[in-house]
Amino acid sequence: MPSNVTHGTNCRLCLQEYQNIVDAEWDILYSKLEKLHKVGAKVVLSKLPIGDVATQYFADREMFCAGRVPEEDLKRTQRACGGAILTTLDGLKEGDLGTCALFEEEQIGGDRFNLFTGCPQAKTCTMILRGGAEQFIDETERSLHDAIMIVRRALKNDAVVAGGGAIEMELSKYLRDHSRTIAGKEQLLIGAMAKAFECIPRQLCDNAGFDATNILNKLRQVHHTEGGKWFGVDINNEDIADNMLAFVWEPAVVKINAVTAAAEASCLILSVDETIRAAKQQREMTNAERAYTSRGRPA
């Protein structure tokens, strides 16, 4: 009997110790939540999941929280809004918080997005691409990326030329004129290169559904007049226009690199004077191959 009393006392002590541990955990949790509320935080983002108790605590105090936020998104938000990414709430102060003019959660299509507007340190923006199929989204993303990289290159290299096939037509005209001053087979090579430059405006016309022959004839004519070197394809009006005045520009370094690469590729192909092809190994034909070759007829 005395041993049973001792055992019951130990059980009561174990339950009390367990309850003390649980109470301590709740105290720690509510202490952290209270720190966030008192410091003035309105939006809480965490790389780790946020439990139901903390979510309800924030909701009761009109605070927004989001868990399982990717680290890359956390860093982008921190760079745009300021503040700091914290690993502990000890020593939390108001200077650790970022700011923005407006935060809202918006439904776009089937997804919900958290939008930070008016970030004081933001140097970038976010574009949301939507489409009916994954192929359209991928193509739109590639086109947008190309356009952004062109603008970036233009900002780093301030030398620009007119786009829309204008610079290619001017180079083609220059090479044609230069080829007439050279005798021999070199004239044919230079003339062929001049013709190759016209593939850019021709392809632009084909992509836009224009009459490429008519547009190229107009471009050849205007490029042989004074002041017509910047005329290229006008996609909007199905005609030609001065693309330098129309602000259709391309970085000169991009065109230089493209022409250089094309010339080097042409020289490489022309330098090939012989090709060697390995003969197929003789092997025994299978019954299926023999039947296919004879089309079912007896061999």
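As the structure is a computational prediction, the values presented were derived from the model and not from experiment.

Hey, could you run me through the pairing of strand S4 (residues 111–117) in this one?
Within a regular beta strand, the side chains point alternately toward one face of the sheet and then the other, so they alternate between its two faces. Here strand S3 (residues 102–108) pairs with S4 via seven bridges, running antiparallel. Paired with leucine 102 across the two strands is threonine 117, which belongs to S4. Following S3, the chain reverses through two residues before pairing antiparallel with S4; glycine 109 in that reversal takes a positive phi of roughly 65 degrees.

Where do I start with the packing of helix H5 (residues 166–179) against helix H8 (residues 212–223) in this structure?
For any two helices packed against each other, one specifies the inter-axial angle together with the distance between the axes. Between H5 and H8, the shortest axis-to-axis distance is 10 Å and the interhelical angle comes to 65 degrees. The handedness of the crossing between H5 and H8 comes out as right-handed. Residues Ala166, Met169, Glu170 and Lys173 of H5 touch H8, and the partners they reach there are Leu216, Leu219, Arg220 and His223.

I keep staring at the pattern of salt bridges and nothing clicks. Help me out?
For side chains of opposite charge, pairing can occur when their charged atoms come near one another. For the structure on display, the rule yields 13 salt bridges. In this structure, the salt-bridge partner of lysine 35 is aspartate 90, at a minimum N-O distance of 3.5 Å. Pair noted here: lysine 35 is in helix H1 (residues 2–39) and aspartate 90 is in the loop between helix H3 (71–81) and S3, with a separation of 55 residues, a long-range link. A residue is classified by how much of its surface remains accessible, and aspartate 90, at 57% relative accessible area, is exposed. When salt bridges with common partners are traced through the structure, they connect Glu168, Glu250 and Lys255 into a single cluster.

Just to check I follow, could you spell out empty space enclosed by the protein for this structure?
In this approach the atoms are scanned with a rolling probe the size of a water molecule, which exposes any empty space left behind. Summed over the entire model, instances satisfying the criterion amount to one cavity of 30 Å³ or more. As a volume, the largest cavity reaches approximately 50 Å³. Residue lining of the largest cavity: Met169, Ser172, Lys173, Arg176, Glu198, Arg220, His223 and His224, and that is the complete set. Looking at the lining of the largest cavity, the elements with two or more residues in it are H5 and H8.

In this structure, what is going on with the layout of surface pockets? I would like to understand it.
Reported here for the largest pocket is a volume of approximately 1,400 Å³. Lining the largest pocket are 42 residues; nearest its centre among them are Leu36, Val43, Val44, Leu45 and Ser46. Of all the secondary structure elements, the ones that give two or more residues to the lining of the largest pocket are H1, strand S1 (43–45), helix H2 (52–60), H3 and S3. Considering only enclosed or pocket space, the second largest pocket measures out at about 880 Å³ in volume. Around the second largest pocket, the lining comprises 25 residues; the ones closest to its centre are Arg76, Thr77, Asn114, Phe116 and Thr126. Those elements that place two or more of their residues in the lining of the second largest pocket are H3 and S4.

Just checking my understanding: could you explain unusual backbone geometry for this structure?
Glycine aside, the phi torsion of most residues is negative, and most peptide linkages are trans. Here glutamate 62, not a glycine, exhibits a phi torsion of approximately 55 degrees, which is positive. Positionally, glutamate 62 belongs in the loop between H2 and strand S2 (64–66).

Even after reading the chapter, I still don't get H2, so can you show me in this structure?
Each turn of an α-helix holds 3.6 residues, which means side chains three or four residues apart point in the same direction. Along H2, the positions that sit buried rather than exposed are Ala54, Tyr57 and Phe58. For H2, the arc enclosing every buried residue in end-on projection is 95 degrees, short of the 170-degree limit, so these residues lie on one face. Structural note: H2 exposes Asp52 and Asp60 on the side pointing more than 90 degrees away from its buried face. The positive-phi residue at the C-terminal boundary of H2 is glutamate 62, with phi of around 55 degrees.

For this particular structure, what's the right way to read the packing of aromatic side chains?
Going through the model one piece at a time under the given rule, you end up with six aromatic pairs. Each ring, one from tyrosine 57 and one from phenylalanine 58, has its centre 6.1 Å from the other, and the planes form 75 degrees; the classification is edge-to-face. With respect to burial, tyrosine 57 and phenylalanine 58 carry one shared label: buried. When the centroid spacing of 4.9 Å and the interplanar angle of 50 degrees are considered together, the rings of phenylalanine 64 and phenylalanine 103 count as tilted. Remark: phenylalanine 103 occurs in strand S3 and phenylalanine 64 occurs in strand S2; sequence separation between them is 39 residues.

What should I look at first to understand H8 in this one?
Taking 1.5 Å of rise per residue, the 12 residues of H8 would be expected to cover 16 Å, and the 16 Å separating its terminal C-alpha atoms lies within 8% of that figure. Burial in H8 covers these residues: Ala212, Ile215, Leu216, Leu219, Val222 and His223. Down the axis of H8, the buried set is contained in an arc of 130 degrees. They therefore lie on one face. Against the buried residues of H8 lie H5, helix H7 (199–208), strand S6 (231–234) and strand S7 (239–242). Capping the start of H8, aspartate 211 holds a side-chain oxygen 3.3 Å from the backbone nitrogen of threonine 213, two or three residues further along.

In this structure, what is going on with the environment of glutamate 141? I would like to understand it.
Topologically, glutamate 141 is positioned in helix H4 (residues 134–156). Exposure remark for glutamate 141: the relative accessible area of 47% places this residue in the partly exposed category.

Cut-offs and rules
- For every chain, the first residue of the written sequence is number 1, and numbering continues from 1 onward in sequence order.
- Confidence filtering applies because this is a predicted model: local features only for residues at pLDDT of at least 70, side-chain atom pairs given and counted only at 80 or more, and all residues used for totals across whole chains, interfaces and linings.
- Each side-chain value is worked out from all heavy atoms of the structure, with water and hydrogens disregarded.
- Should DSSP find at least two bridges between two strands, the strands are taken to pair.
- Working definition: helices are DSSP H or I runs of at least four residues, strands are E runs of at least two. Numbering for both runs from the N terminus.
- For helices, the fitted line uses only the C-alpha atoms of the stretch in contact; every axis is such a line through C-alpha atoms, and the angle between N-to-C directions lies from 0 to 180 degrees.
- Two helices cross in a left-handed way if the nearer one is turned anticlockwise from the farther one by less than a right angle. They cross in a right-handed way if the turn is clockwise.
- The contact rule is simple, with two residues in contact once any of their heavy atoms fall within 4.5 Å.
- The term salt bridge refers to a pairing of a side-chain nitrogen on Lys or Arg with a carboxyl oxygen on Asp or Glu at a separation within 4 Å.
- Each residue's exposure class comes from its accessible area (1.4 Å probe, protein chains only) as a fraction of the maximum for that residue type: buried when under 20%, exposed when over 50%, partly exposed otherwise.
- Only protein atoms enter the calculation, which uses a 1 Å grid: trapped sets of points that fit a 1.4 Å probe without letting it out are cavities, open sets showing protein on both sides within 12 Å along at least five of seven lines are pockets, and any residue with an atom within 4 Å of a point is a lining residue.
- Grid points are joined across faces, edges and corners, and a volume is the space filled by probe spheres set on the points.
- Each direction from the helix axis to a C-beta atom contributes to the arc, which is the arc of those directions.
- Ring pairs shown here join Phe, Tyr and Trp side chains whose ring centres sit within 6.5 Å, with only the six-membered ring taken for Trp; geometry is labelled stacked below 30 degrees between planes, edge-to-face above 60, and tilted in between.
- By this rule the span expected of a helix is its residue count minus one, scaled by 1.5 Å.
- Here a polar contact is taken to be a pair of N or O atoms separated by no more than 3.5 Å, where protein atoms must pair a possible hydrogen donor with a possible acceptor and residues adjacent in sequence count only if both atoms sit in side chains.

None of the figures reported here should be taken as evidence of function without further support.
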